[in-house]
Amino acid sequence: MFRIVRAAAIQISPVLGDDGLGTARKVCQAIRDAAEKGVALAVFPETFVPYYPYFSFIQPAFCFGGEHLALYERAVVIPGPVTDMVAEAARQTGMVVVLGVNERDFGTLYNTQIIFDATGEILLKRRKITPTYHERMVWGQGDGSGLKVVESAAGRIGALACWEHYNPLARYALMTQHEEIHCAQFPGSLVGQIFADQMEVTIRHHALESGCFVVNATGWLTEDQIRDIARDPALEGPLRGGCFTAIVSPEGKLLGTPLTEGEGMVIADLDFALITKRKRMMDSVGHYARPELLSLLQDRRPARTVHYVGEHGATGPVGPSNDEVAS
């Protein structure tokens, strides 16, 4: 049975300089605002809570130690106060929410995407597999365990962050799991117009190749925030432009007008009949695939730094992560 899901790609600015919860409160308000518009799926930008580490793009590494430490203090522990707050907003509105956060797992930060179901349950927590360029000074690497598509109240959802979309095998890993909605997240307010232009090509191509909808959210910095982050007028330029919040159909068509500046939402009704219409012609992981010639090997084992041998000879990890402590 075909269905229609109303989705929102949300472009808003973070709250800077507080205890880290201000941006999360802003997320929850945006969820409630979207619910009033009948939205069933909301996607927020990359590492939006507490904020994307813009400082690392415009400062040399030896200069941003203090700001890096401040990000540690404001980062999100999963589960914790931020995830509890967003989960409750998702549950109250009956909305599926895809949120990017800076996750702290003891001594390391990660670029993490969280998918909350309409019940508030966390369906997926995945970490960006390779931080890009300057980001490698801020975040650790993720692993293949998060390259999964999950069943949600809005459909089968997959997610990647920013330049992970330039890793064709990562995208193919999600395609093989028949994602219906792909949730893309970028920082926004970065690099300039060329970043927005590249982003449009990237998300429209994935929609066509995967035969799925793409809901893409980018962040936004106000002029005051740009000045506060840059601290030097000569460094403000790289923190402007680069926004392309948009929704794309499986035929590569933009649904509604993309948002390239300011705060707001791009909202569209996703008619799942278009998925079948596209895949009838070209299914990259079905009748158009040649697995006897080309196939993908994916290692889904979580990365472990230490293993031990138990009393019965079984092996397992040593040193629990936050996830294991919480459980």
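Residues numbered from 1 in each chain as written. Predicted model: local features only at pLDDT ≥ 70, side-chain atom pairs only at ≥ 80, totals over all residues. Heavy atoms only, no water.

Going by the annotation in an unreviewed UniProt entry, the name recorded for the protein is Aliphatic nitrilase, with Komagataeibacter diospyri given as the source organism. In its Sequence similarities (unreviewed entry) section, UniProt records this for the protein: "Belongs to the carbon-nitrogen hydrolase superfamily. Nitrilase family." (UniProt positions renumbered as here; feature names shortened; annotations may be inferred.)

Section: the state of the cysteines
As enumerated under the stated definition, the model contains zero disulfides in all. Left unpaired, Cys 243 is separated from the closest cysteine sulfur, that of Cys 162, by 12 Å. (Disulfide = S-S within 2.5 Å.)

Description of unusual backbone geometry
The peptide bond linking Val 49 to Pro 50 adopts the cis configuration, its omega dihedral lying at -5°. Here Pro 50 lies in the loop between strand 2 (41-43) and helix 2 (55-58). Even without being glycine, Thr 47 reaches a positive phi, approximately 40°. Within the secondary structure layout, Thr 47 lies in the loop between strand 2 and helix 2. (Helix = DSSP H or I, 4+ residues; strand = E, 2+ residues; numbered from the N terminus.)

A word on the nonpolar core
Membership of the largest hydrophobic core comes to 31 residues, with the highest contact counts inside it found for Tyr 54, Phe 186, Ile 203, Val 214 and Leu 239. The dominant element in this core, judged by the number of residues it contributes, is helix 6 (residues 193-210), at five residues. In this structure Leu 239 touches Tyr 54, Ile 58, Ser 189, Leu 190, Leu 221, Ile 226, Ile 229 and Ala 230, once residues within four positions along its chain are discounted. (Core = buried A, V, L, I, M, F, W, Y, C linked by side-chain atoms within 4.5 Å. Buried < 20%, exposed > 50% of the residue type's maximum accessible area, 1.4 Å probe, protein only. Contact = heavy atoms within 4.5 Å.)

Overview of the sheet that holds strand 5 (residues 122-127)
If you walk across this open sheet you meet the six strands as 5-4-3-2-1-11, and the pairing is mixed. Edge positions in the sheet fall to strand 5 and strand 11 (264-271), since each has one partner strand and no second. Adjacent strand axes in the sheet meet at a mean angle of 25°, parallel and antiparallel pairs treated alike. Across three bridges, strand 1 (residues 4-11) lies against strand 2 in parallel orientation. Within strand 2, the residue paired with Ala 9 across the bridge is Val 43. On top of the sheet, helix 1 (residues 22-35) reaches strand 1, strand 3 (96-105) and strand 11; it is set at about 50° to strand 11, its chief contact. Sheet contacts for helix 4 (residues 81-93): strand 3, strand 4 (108-116) and strand 5; angle to strand 4, the most-contacted strand, approximately 15°. (Pairing = 2+ DSSP bridges. Axes fitted to C-alpha atoms, helices over the stretch in contact; angles between N-to-C directions.)

Section: the side chain of Gln 113
Among the secondary structure elements, Gln 113 is positioned in strand 4. A polar side-chain atom of Gln 113 sits 2.5 Å from a polar atom in the side chain of Arg 126. Looking at Gln 113, its side chain comes within polar contact range of the side chain of Gln 185, at 2.8 Å. When neighbours within four sequence positions are excluded, Gln 113 is seen to be in contact with Leu 99, Leu 124, Lys 125, Arg 126, Ala 159, Leu 160, Ala 161, Glu 164, Cys 183 and Gln 185. (Polar contact = N/O pair within 3.5 Å; in protein donor to acceptor, adjacent residues only side chain to side chain.)

Description of the pattern of salt bridges
The full count for this structure, using the stated rule, is 21 salt bridges. Of the charged contacts in the structure, one is a salt bridge between Arg 240 and Glu 223, with a shortest N-O distance of 2.7 Å. Of the two residues, Arg 240 is situated in the loop between helix 7 (223-230) and strand 10 (246-248) and Glu 223 in helix 7; the sequence distance between them amounts to 17 residues. For Glu 223, a relative accessible area of 38% puts it in the partly exposed group. For the salt bridge of Arg 240 with Glu 236, the shortest nitrogen-to-oxygen distance reads 3.0 Å. For Arg 240, a relative accessible area of 31% corresponds to the partly exposed category. Here the salt bridges do not stand alone but share partners, grouping Glu 103, Asp 105, Lys 125 and Arg 127 into one network. (Salt bridge = Lys/Arg side-chain N within 4 Å of Asp/Glu carboxyl O.)

So, the packing of aromatic side chains
Under the criterion given, the structure shown has six aromatic pairs. Measuring from ring centre to ring centre gives 4.9 Å for Tyr 52 and Tyr 54, while their planes differ by 70°; the resulting arrangement is edge-to-face. Judged by its relative accessible area of 4%, Tyr 52 is buried. In this structure Tyr 54 comes out as buried when scored by relative accessible area, which is 4%. (Phe/Tyr/Trp six-rings, centres within 6.5 Å; stacked < 30°, edge-to-face > 60°.)

Overview of the packing of helix 1 against helix 4
Between helix 1 and helix 4, whose axes approach to 10 Å, the crossing angle comes to 10°. In terms of their interaxial angle, helix 1 and helix 4 are classed as roughly parallel. Here helix 1 contributes Ala 24, Arg 25, Val 27, Cys 28, Ile 31, Arg 32 and Ala 35 to the contact with helix 4, which in turn contributes Val 82, Met 85, Val 86, Ala 89 and Thr 93. Residues belonging to the contact of helix 1 with helix 4 are distributed by class as follows: nine nonpolar, one polar and two charged. (Parallel < 35°, antiparallel > 145°, perpendicular 65-115°, else oblique. Nonpolar A, V, L, I, M, F, W, Y, C, P; charged D, E, K, R; others polar.)

Description of helix 6
In this model, helix 6 (18 residues) spans 26 Å end to end at C-alpha, consistent with the 26 Å of a helix rising 1.5 Å per residue. Among the residues of helix 6, Phe 195, Ala 196, Met 199, Thr 202, Ile 203, His 206, Ala 207 and Ser 210 are the ones counted as buried. The buried side chains of helix 6 occupy one side of the element, clustering within an arc of 130° when seen end-on. What points out from helix 6, more than 90 degrees from its buried face, is the exposed set Gln 193 and Val 201. Tucked inside the fold, the buried residues of helix 6 contact helix 5 (168-175), strand 8 (181-186), strand 9 (213-218), strand 10 and helix 8 (273-281). (Expected span 1.5 Å × (residues − 1). Arc of directions from axis to C-beta.)

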